[in-house]
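Coordinates in review
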Amino acid sequence: MHPNLTRRQWIAGSAGAAFLSGCKTNLPPAAPADPPRVSIVRAPAYDQSLYATMRGILAGHGLDVRGRTVVLKPNLVEFEPQSTINTHPLLVHAAREAFLAAGAASVQIAEGPGHRRNTLDLADAAGYFRTIPKFEDVFVDLNFDDVTRVRPLIQFSGIQKLYLTNTILGAGLLVSMPKMKTHHLVGATLSMKNLFGTVPGGIYGWPKNALHWAGIPESIADLHAVYPRKFAIVDGIVGMDGNGPIQGDPKAAGVVVSGRDSLAVDATCCRIMGIDPFRIGYLRLAAADLTRIAEQSIVQTGETIAAVAAPFKLIPEFQHLRLVT
Amino acid sequence: MSIEALIGRQNPDGGWPYSRGGSWTEPTVYAIMGLLSVDESKSVQRGLAWLGSIARRDGGWPPRAGVDMSTWVTALVAILGPRNIGDAPYRRAIHWLLDTIGEESAFVYRLREWLLGNSTPEDDGRFPGWPWVPSNAGWVVPTSIAILALDKEDRRQPSDRVRRRVDAGRQFLLRRTCDDGGWNYGSSHPLGYPSHAYPETTGLALAALRGVRSRRVDRALVAAERFLAECRSADALNWLRFGLRVHGRLPAGYCTPSGVEFRTVPEASLDLVMTAAEQGRDFFWG
């Protein structure tokens, strides 16, 4: 075992290697040895203070990315720069700068939008070209990236094999950077649902309809198990509520929520949004042991949930998801 | 992107990437179309050889080499016609298209939905579209491309079976127009909420509806004209030019606005194809 790796990192890396090699394996996804830590940091606006905020978040989580290939995966959906539909480019740039400052060998930005095929035009309209210098040089369109066929370690859906992108499979650290939004099919879209964008539209189409037919919660859980080396940074500065993830309304929550454990991060986001994480299908599936997403199982740093709670509006079909306190 | 730059993006295996990386079927077909439009033959032959090398036994084409399923790109390859891809592969591709329908139109699926009380007017099964990937639902883009391929085949060699699928596919499109006049990628009212039209899908669907007279088409043409004036996406503008031109609504002497960037192989190639078509060499309808 590499002296700088924890046992958890080693197990995760080994599982990933087996996965990449296409071997059949019964290895479970790396189970967190320690209670997951999730930070909630106040961030009232998209301004220059985000650069210090991001450096603080990385330091707070003790992320050692020296020499590693980091891939930031924002959520790009629509050509609506004035809306809150896409992950804000300033947050992504701040994250890129922070990871580079922390010693990452490279920091790419990668996304495969599920609705629109002209990704670069979409990124342009969303402000990424204006905000991130030489954006096209650091960006990978995951819809058209080179792919490898893999078999998920654990299958919740019926998908026996998936073609996934080499950029994501080869990442030393995959950083999921979603927008904090409600979702009209699964309740909430956060760091785990954001992984849909890692599935290449060039193979599966727009939207990634094969995942819908296989079951959305199940497919989210599959993808969560596929990528062992993840970190999550959720853009909750201004999210979207109501009929998200496209036609909802802006909702200022004023937070950035981060952590290594996607389940814990998403469960915490749900609580901030006033959504009961135990009622979110993909969290239940992926957690298996539901104590993993219980509030008392998660070490919260920074702000408390109660201090930043900002109940998101829910469409009538999802009123049953409302967190009862 | 210049013609030289387009040729320069060709991979050693003969195919083209979308922007960079390995070869994919879709950009390779568009690059071939674009280069044929300007009489560049050497790169075209290498591209056609690559396409021939990845054809699948079921008659379809995969989205790229090494992918073990045939998908919607089969229709794109078929548009190249028998003269370019060979008569037997072409015939197999047409049969693959005729045998492929959106899963929501399949009998077993409709029966199950009916038993569950989930049937909606949109999926009564009479007007099947085409999916991106077999066993998935029909969507606007693959349906439009399949119509373009089969309509070209029907003009080459008229057939009731082909004509019926084209007509049904057109009904599929007409039943999915959005309230604002054009097309989204799929349903006009997913989960009961209205969706907005997209420029690129509106242009493409209009192209597939060439010759169709309907109030829905009229409203879509108005939406397309609005998109053409406002939109700055090269991909969208290519398809809008196509859709408006086949209905005789592209402004005379139209030029792509300055500042529009043709960043990818499909964007640059389709610009060549559309420009040639506007000068009388129509690859899709010729």
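What counts, and at which threshold
The residue count restarts for each chain, going from 1 along the sequence in the order it is written. All chains are assigned letters beginning with A, and all ligands numbers beginning with 1, in the order in which they are written. Restriction of local features to residues with pLDDT of at least 70 applies here, the model being predicted, together with a cutoff of 80 or more for giving and counting side-chain atom pairs; totals for whole chains, interfaces and linings are based on all residues. Secondary structure elements are defined from DSSP: runs of H or I of at least 4 residues count as helices, runs of E of at least 2 residues count as strands, and each element is numbered from the N terminus. Three exposure classes are used. Buried residues have 20 or more other C-beta atoms within 10 Å of their own C-beta, exposed residues have 12 or fewer, and partly exposed residues fall in between, all C-beta atoms being placed from the backbone. Note that the radius of gyration is over C-alpha atoms, with the globule rule given as 2.2 Å times the number of residues to the power 0.38. Once C-beta atoms have been placed from the backbone, residue pairs whose C-beta atoms lie within 7 Å are recorded as contacts. Note: domain ranges come from an automatic or database domain assignment. Polarity classes work like this: nonpolar for Ala, Val, Leu, Ile, Met, Phe, Trp, Tyr, Cys and Pro, charged for Asp, Glu, Lys and Arg, and polar for all others, with Gly in that last group. When DSSP locates at least two bridges between a pair of strands, those strands are taken to pair. To estimate how far a helix should extend, the number of its residues minus one is multiplied by 1.5 Å. Only the contacting stretch of a helix is used when fitting its axis, a line to C-alpha atoms as for every element, and angles between N-to-C directions run 0 to 180 degrees. Here roughly perpendicular refers to angles of 65 to 115 degrees, roughly parallel to angles under 35, roughly antiparallel to angles over 145, and oblique to all remaining angles. A clockwise turn of the near helix away from the far one marks a right-handed crossing, whereas an anticlockwise turn of less than a right angle marks a left-handed crossing. The predictor attaches a confidence to each residue, and that confidence, scored 0 to 100, is pLDDT. We define a nonpolar core as a collection of buried residues of the types Ala, Val, Leu, Ile, Met, Phe, Trp, Tyr and Cys that are connected via C-beta atoms lying within 7 Å of each other.

**Quick look at the overall build of chain A**
When you go through chain A residue by residue, the secondary structure sums to 13 helices and 12 strands. Counting all 325 residues of chain A, 56% fall into the buried class.

**Things to note about the overall build of chain B**
Summing up its helical and strand segments, chain B has 13 helices and 0 strands in all. Ordered by position from the N terminus, the helices and strands of chain B form the series α-α-α-α-α-α-α-α-α-α-α-α-α. Whereas a compact globule of 286 residues would reach a radius of gyration of roughly 19 Å, chain B reaches 18 Å, a difference of no more than 12%. Each principal axis of the C-alpha distribution contributes one length, and for chain B these read about 55 × 45 × 35 Å. By residue count, 54% of the 286 residues in chain B fall in the buried class. Counted over contacts in chain B with a minimum sequence separation of 6, partners at least 24 positions apart contribute 60%.

**A short note on the domain arrangement of chain B**
All names here are of chain B. We note that the domain assignment places domain 1 (1-100) and domain 2 (101-254) within chain B. Taking only C-alpha atoms, the centre of domain 1 and the centre of domain 2 are 23 Å apart. The set of elements that each furnish at least two residues to the side of domain 1 that touches domain 2 consists of helix H4 (73-79) and helix H6 (87-99). Here the element with the most residues in the side of domain 1 that touches domain 2 is H4; it accounts for 4 residues. Partitioned by chemical class, the residues of the side of domain 1 that touches domain 2 number 9 nonpolar, 2 polar and no charged.

**Let's talk about the pairing of strand S6 (residues 162-165) of chain A**
Residues and elements named next belong to chain A. What you see with S6 is no split at all: Leu162 and Leu164 on one side and Tyr163 and Thr165 on the other are buried throughout. Two elements, strand S5 (residues 147-150) and S6, share 4 bridges in a ladder whose sense is antiparallel. Note on S6: the bridge partner recorded for threonine 148 is leucine 164.

**Observations regarding helix H13 (residues 265-278) of chain B**
Residue and element names in this part refer to chain B. Across its 14 residues, H13 extends 20 Å between first and last C-alpha, which sits within 8% of the 20 Å expected from 1.5 Å per residue. With 11 of 14 residues buried, H13 is to be regarded as a mostly interior element. Within H13 the residues assigned to the buried category are Val265, Pro266, Glu267, Ala268, Ser269, Leu270, Asp271, Leu272, Val273, Met274 and Ala277. On its buried face, H13 is in contact with helix H1 (3-8), helix H2 (25-37) and helix H12 (234-246). Positive phi shows up at glycine 280, right after H13, with a value of about 105°.

**So, the interface of chain A and chain B**
The partner chain B presents 22 residues to the 21 residues of chain A that form the contact. Elements with a minimum of two residues in the side of chain A that touches chain B: helix H4 (119-125), helix H8 (201-204) and helix H9 (209-214) of chain A. Grouping the constituent residues of the side of chain A that touches chain B by class yields 8 nonpolar, 8 polar and 5 charged.

**Remarks on the environment of A:Ala105**
Residues and elements named next belong to chain A. Within the fold, alanine 105 resides in the loop between helix H3 (89-101) and strand S3 (106-111). For alanine 105 and glycine 302, which are 197 residues apart along the polypeptide, the C-alpha to C-alpha distance reads 28 Å. In this structure, alanine 105 is in contact with Gly67, Arg68 and Thr69, ignoring residues within four places of it in sequence.

**Regarding the packing of helix H2 (residues 49-60) of chain A against H3(A)**
Residues and elements named next belong to chain A. Running from N to C, H2 and H3 cross one another at 50°; their axes reach a closest spacing of 8 Å. Between H2 and H3, the crossing angle belongs to the class labelled oblique. Pair H2 / H3 crosses with right-handed handedness. Contacts between H2 and H3 involve Leu50, Tyr51, Thr53, Met54, Arg55 and Leu58 on the former and, on the latter, Leu90, Leu91, Ala94, Ala95, Glu97, Ala98, Phe99 and Ala101. A breakdown of the residues in the contact of H2 with H3 according to their chemical character gives 11 nonpolar, 1 polar and 2 charged.

**Some remarks on the packing of H12(B) against H13(B)**
Residue and element names in this part refer to chain B. In the contact formed by H12 and H13, the axes pass within 9 Å of each other and the chain directions differ by 25°. Comparing their axes, H13 and H12 come out roughly parallel. The element H12 and its partner H13 pack so that their crossing is left-handed. Residues Ala234, Asp235, Asn238, Arg241, Phe242 and Arg245 of H12 lie in contact with H13, whose contacting residues are Pro266, Glu267, Leu270, Asp271, Met274, Ala277 and Glu278. Among the residues making up the contact of H12 with H13, the classes are represented as 6 nonpolar, 1 polar and 6 charged.

**Observations concerning unusual backbone geometry**
All names here are of chain A. In this structure, proline 207 follows tryptophan 206 across a cis peptide bond, with omega equal to -5°. Relative to the assigned elements, proline 207 resides in the loop between H8 and H9. Here the phi dihedral of alanine 288 falls at roughly 60°; this positive angle occurs in a residue that is not glycine. Counting through the fold element by element, alanine 288 comes out in the loop between helix H12 (281-287) and strand S12 (299-302). Note on alanine 288: 15 C-beta atoms within 10 Å, which makes it partly exposed.

**Describing the environment of A:Pro311**
All names here are of chain A. Locating proline 311 in the fold gives a position in the segment after helix H13 (305-308). Through-space distance from the C-alpha of proline 311 to that of methionine 273 is 4.6 Å; in sequence the pair is 38 residues apart. In this structure, proline 311 is in contact with Met273 and Gly274, ignoring residues within four places of it in sequence.

**Focus on the pairing of strand S7 (residues 173-177) of chain A**
Residues and elements named next belong to chain A. Counted residue by residue, S7 has 5 buried out of 5 residues, so it is predominantly covered. Neither face of S7 is exposed, since Leu173, Val175 and Met177 on one face and Leu174 and Ser176 on the opposite face are all buried. Bridge count for strand S2 (residues 69-74) against S7 is 5 bridges, and the pairing is parallel. Residue pairing across strands places proline 74 opposite methionine 177, the latter belonging to S7. Direction of pairing for S7 relative to strand S10 (residues 230-241): parallel, over a ladder of 3 bridges. Directly across from serine 176, in S10, lies its bridge partner alanine 232.

**Comments concerning the confidence of the model for chain A**
Caution applies to low-pLDDT parts of the model: their predicted coordinates are not meant to be read in detail. Within chain A, residue pLDDT values average 89, and 90% of them lie at 70 or more. Of the regions scoring below 50 in pLDDT, residues 1-31 of chain A engages in 39 contacts with residues more than four places distant in sequence or in other chains.

**Details of the nonpolar core**
By size, the foremost hydrophobic cluster in this structure holds 188 residues, and its most contacted members are A:Val70, A:Ala95, A:Val175, B:Val77 and B:Ala78. Those residues in contact with B:Ala78, other than ones at most four positions away along the chain, are B:Tyr90, B:Ala93, B:Ile94, B:Leu97 and B:Ala149.

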